[in-house]
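What the coordinates show
Take a look at the letters that make up each chain.
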Amino acid sequence: MPLARTSSVGLVGLQGHLVEIEADLSKGIPNFTMIGLPDTSVREARDRIRAALVNSEQSWPRRRITINLSPATLPKRGSGFDLALAVALLAAAGVVPASALGDTALLGELGLDGSVRPLRGVLPSVLAAQRAGLHRVIVPADNLAEACLVPKVDVVGVASLADLVGYLRGEQCRVFIGAVAEERPPLPGPDLRDIVGQAQGRRALEVAAAGGHHLYLQGPPGAGKTMLAERLSGILPRLDDDEALEVTAIHSVAGVLPPDSPFVRRPPYESPHHTSSTASIVGGGSGIARPGAISRAHRGVLFLDEAPEFASGVLDALRQPLESGQVTLHRSGGQARYPAAFQLVLAANPCPCASPGGDQSCVCTSLTRRRYLGRLSGPLLDRVDLHVTLLPVTRQALLGDGVAEASVDVAQRVLAARAAAAERLAVDGLRRNADIPGPALRRRWRLARSTMTGVEAALDRGLLSARGVDRVLRVAWTLADLTGAASPGRSELDEAMGMRLRGYAA
Ligand SMILES: Nc1ncnc2c1ncn2[C@@H]1O[C@H](COP(=O)(O)OP(=O)(O)O)[C@@H](O)[C@H]1O
Ligand SMILES: [Mg+2]
Ligand SMILES: [Zn+2]
């Protein structure tokens, strides 16, 4: 059988495409040619496979070897084709029967010792194989639980090339047959019960969660900005099945899934450090592009602590995803697109000296302060509905014995408010108040003149810009959803206007 075929899957972004691999062995001077748009990492497969075969007690065929990857137009990246390439060679050499390969996709990287190593992106790859009508997928044993999240396809996990050869030859050997991955209850995250006082900050967090609003927290060091931000994802509604599969697929390609309990069920939380590279935040890298923090935070929270300290390039790079909910990574041979619909939380000290006493012990000039906060650009902050100033917690409050409300209780109100918003916004095809475009706020969701008097006065006095009015309105709708009102009244508008930085006309 000098010609054999296997199937594998190539990823472009989260999209998997079936890749056919043909191996042809012919007489002549031994050599090796690979055609069909392989990148460097795929070309290097030859050396990995040669070593893996030899270390699995197989021999490298002393023939003219031609490998063809198709479709030729699809760029092939990464080391995930190793297993399919090796098995195609073995089938062409007659070591494994071609009949054992029908309807099967092979995914896996080979170690030089013949071990099968785990891959990034197994979940979207197995999904693609299943959707293409294949009935069986062979994956690295370490990716078994993840692969088993895909229904209606048989999953076989292998730990070594030798085991795989034995399995395909119908011999007794060690393979792992897929079982449905067990869903473990998530570990409890940080809880709002731990936060003393900060009624305003807690309220802002609840409103952010209920309306999907981005949130900007400003306040002196030690006020509890970081503590609050860390507790946002814990009061967001659980992901539904489709969302969970999508988020899990992103985390799979990012290579951050825990192998034993791979299903991401809770909205993720990402807090990249301000020294992180643009690629680690936005995504990139060689081979299969790695989703960055903004994509790992998809359908969850992206927290930029000490936001003015981030490189301006990173802050600018957030604008496109904030607009479109996805990020496009431009690379040689094409682009990769990953979802990036995150809820943004920014935190900033009022000035760079970070004096814990806030205003009293600050040594910064007013120019320094303005420059510092000015690093957060207008276009970025325009997308952030909630701009809240936190005051330091009083000693009294910290030493008091009051018991704060727990995250589970807040989460219930958030869930109810989300349901109300989703029902009302269904006519616009939207689910969250944060997504209502300005024109819709002023037309379909227009409020009575009499309700708007306070807002109009603020507009006249220059305390509010036109964009600021939109933000106030969105937040007011969320406040109404939280109280169960049909639409915002004056008190919701007043509270929404209060949820802006003091002295900040926007
Ligand atoms: N409201 C609060 N309730 C309880 N502890 C607080 C509160 N605010 C601050 N702390 C304490 O101070 C520490 C620093 O808080 P942090 O959230 O990092 O403040 P910030 O981010 O505003 O500088 C926390 O680890 C916590 O121990
Ligand atoms: Mg902090
Ligand atoms: Zn200062």
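Residues numbered from 1 in each chain as written. Chains lettered and ligands numbered in written order. Predicted model: local features only at pLDDT ≥ 70, side-chain atom pairs only at ≥ 80, totals over all residues.

1. Examining unusual backbone geometry
What counts here: Put simply, DSSP marks the helices as runs of H or I at least four residues long and the strands as runs of E at least two long, and each gets a number from the N terminus on. Any residue surrounded by 20 or more other C-beta atoms within 10 Å of its C-beta is treated as buried, while 12 or fewer makes it exposed and the intermediate range makes it partly exposed; C-beta atoms here are placed from the backbone.
Omega for the bond connecting serine 70 with proline 71 falls within 30 degrees of zero, at 5°, which places this linkage in the cis form. Among the secondary structure elements, proline 71 is positioned in the loop between strand S4 (64–70) and helix H3 (82–92). With phi around 65°, aspartate 103 is a residue other than glycine that occupies positive phi space. Its place among the elements puts aspartate 103 in the loop between H3 and strand S5 (104–106). With 13 C-beta atoms packed within 10 Å, aspartate 103 lands in the partly exposed category. Positive phi is not limited to glycine here, since arginine 299 has a value of about 65°. With respect to the helices and strands, the residue arginine 299 is situated in the loop between helix H11 (293–296) and strand S15 (301–304).

2. Here we look at the site of ligand 1
Going by this rule: Placing the C-beta atom from the backbone, one calls a residue near a molecule or strand if that atom lies within 6 Å of it. Classes in brief: Ala, Val, Leu, Ile, Met, Phe, Trp, Tyr, Cys and Pro nonpolar; Asp, Glu, Lys and Arg charged; the others, Gly included, polar.
Around ligand 1, 13 residues are found, and the nearest of them are Val196, Gly224, Lys225, Thr226 and Met227. The residue inventory of the shell around ligand 1, partitioned by class, reads six nonpolar, six polar and one charged.

3. A look at the sheet that holds strand S19 (residues 386–389)
What counts is decided by this rule: Strand pairing follows a simple DSSP-based rule, namely that at least 2 bridges must link the two strands.
If you walk across this open sheet you meet the five strands as S12-S15-S18-S11-S19, and the pairing is parallel. The open sheet has two free edges, formed respectively by strand S12 (269–270) and S19, since each of these has just one partner strand. In the sheet, S12 pairs with S15 via two bridges, with the strands oriented parallel. In the sheet register, tyrosine 269 faces S15, and the bridge partner there is valine 301.

4. Some details on the domain arrangement of the protein chain
In plain terms, the rule: Per the annotation, domain bounds derive from an automatic or database assignment of domains. Throughout, a pair of residues is in contact if the C-beta atoms placed from their backbones lie within 7 Å.
Taken domain by domain, the protein chain holds domain 1 (3–177), domain 2 (192–425) and domain 3 (436–506). With 17 residues of domain 2 in contact, the opposing surface of domain 3 contributes 14 residues. Sorting the residues of the side of domain 2 that touches domain 3 by element identifies helix H7 (199–211), S19 and helix H17 (407–425) as the ones contributing at least two each. In terms of residue class, the side of domain 2 that touches domain 3 is made up of nine nonpolar, five polar and three charged.

5. Concerning the nonpolar core
Rules: The term nonpolar core means buried Ala, Val, Leu, Ile, Met, Phe, Trp, Tyr and Cys residues held together as one set by C-beta atoms within 7 Å.
Counting 141 residues, the largest nonpolar core has Ala86, Val126 and Leu346 as the members making the most contacts within it. Broken down by element, the residue count for this core peaks at 10 residues, all from H3.

6. Quick word on the pairing of S19
Residue alternation in S19 divides its side chains into two sets, Leu386 and Val388 and His387 and Thr389, and both sets are buried. As paired strands, strand S11 (residues 215–218) and S19 are joined by four bridges and run parallel to one another. Bridge pairing in S19 places leucine 215 opposite leucine 386.

7. Quick look at helix H9 (residues 241–254)
As a reminder, the rule being used: The span you would expect from a helix comes to 1.5 Å times its residue count less one.
Here H9 contains 14 residues, and its C-alpha end-to-end distance of 20 Å stays within 8% of the 20 Å for a straight helix at 1.5 Å per residue. Every buried residue belonging to H9 is among Glu246, Val247, Thr248, Ala249, Ile250, His251, Ser252 and Val253, and all of these are buried. The secondary structure elements touched by the buried residues of H9 are strand S1 (3–12), helix H4 (122–131), helix H5 (144–147), strand S14 (290–291), H11 and strand S17 (334–339). Positive phi appears at glycine 255, one or two residues downstream of H9, with a value of about 75°.

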